[in-house]
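The chain contents come next:
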Amino acid sequence: MRERLIQLLQDVLEEENIDMAADPIEDLGMDSVDIVDYVLRVEEEFGCDIEEFDTLSQHMKTVGDMIDFLVMFLSDGEKTNG
């Protein structure tokens, strides 16, 4: 799961090597369009519903933090909200 989440991020950012310690916004230049694109790809890939974009952005200190949050979210079975 972790590898697929990283691959989806690489696809969005069109980068082959992403440092897990990098800040997605400051270091990698992610903007709101990239974030929405990534979330939509994750939702489609894993059949989940991430309604709280703000929740994801709170976990975006580093790429590793964001991936860890998504792994936890998907592993906890919280695949749908509502």
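Right, let's walk through the structure included here. (Residues numbered from 1 in each chain as written. Predicted model: local features only at pLDDT ≥ 70, side-chain atom pairs only at ≥ 80, totals over all residues. Heavy atoms only, no water.)

**Side note on the pattern of salt bridges**
Line of reasoning, step 1. The tally for this structure, following the rule as stated, stands at three salt bridges.
Line of reasoning, step 2. Here Arg 2 ties to Asp 68 by a salt bridge, and the two come within 2.7 Å at their closest N and O atoms. In this pair, Arg 2 sits in helix 1 (residues 2-13) while Asp 68 sits in helix 4 (residues 63-75), placing the two residues 66 residues apart along the sequence.
Line of reasoning, step 3. Residue Arg 2 is classed as partly exposed on the basis of its relative accessible area of 36%.
Line of reasoning, step 4. Glu 45 is the salt-bridge partner of Arg 4, the closest N and O atoms lying 3.1 Å from each other. Placement of Arg 4 in helix 1 and of Glu 45 in helix 2 (residues 32-46) is noted, with a sequence separation of 41 residues between them.
Line of reasoning, step 5. Residue classification places Arg 4 among the partly exposed positions, given a relative accessible area of 31%. (Salt bridge = Lys/Arg side-chain N within 4 Å of Asp/Glu carboxyl O. Helix = DSSP H or I, 4+ residues; strand = E, 2+ residues; numbered from the N terminus. Buried < 20%, exposed > 50% of the residue type's maximum accessible area, 1.4 Å probe, protein only.)

**Some points on the nonpolar core**
Line of reasoning, step 1. The biggest cluster of nonpolar side chains holds 25 residues, and the ones touching the most others in it are Leu 5, Leu 9, Tyr 38, Val 42 and Leu 70.
Line of reasoning, step 2. Breaking this core down by element, the ones donating at least two residues are helix 1, helix 2 and helix 4.
Line of reasoning, step 3. Take this core: its biggest share by element is eight residues, from helix 4. (Core = buried A, V, L, I, M, F, W, Y, C linked by side-chain atoms within 4.5 Å.)

**Comments concerning the packing of helix 1 against helix 4**
When two helices pack together, their arrangement is given by the angle between the helix axes and by the axis-to-axis distance.
Line of reasoning, step 1. Between helix 1 and helix 4, whose axes approach to 10 Å, the crossing angle comes to 130°. Judged by the angle between their axes, helix 1 and helix 4 are oblique. Judged by the sense of rotation from one axis to the other, the crossing of helix 1 with helix 4 is right-handed. For the pair formed by helix 1 and helix 4, the contact residues are Arg 2, Leu 5, Ile 6 and Leu 9 on the first element and Val 63, Met 66, Ile 67, Asp 68, Leu 70, Val 71 and Leu 74 on the second.
Line of reasoning, step 2. Among the residues making up the contact of helix 1 with helix 4, the classes are represented as nine nonpolar, no polar and two charged. (Axes fitted to C-alpha atoms, helices over the stretch in contact; angles between N-to-C directions. Parallel < 35°, antiparallel > 145°, perpendicular 65-115°, else oblique. Left-handed = near helix turned anticlockwise from the far one by under 90°. Contact = heavy atoms within 4.5 Å. Nonpolar A, V, L, I, M, F, W, Y, C, P; charged D, E, K, R; others polar.)

So, to be careful, I would describe these as geometric facts and stop short of saying anything about function.
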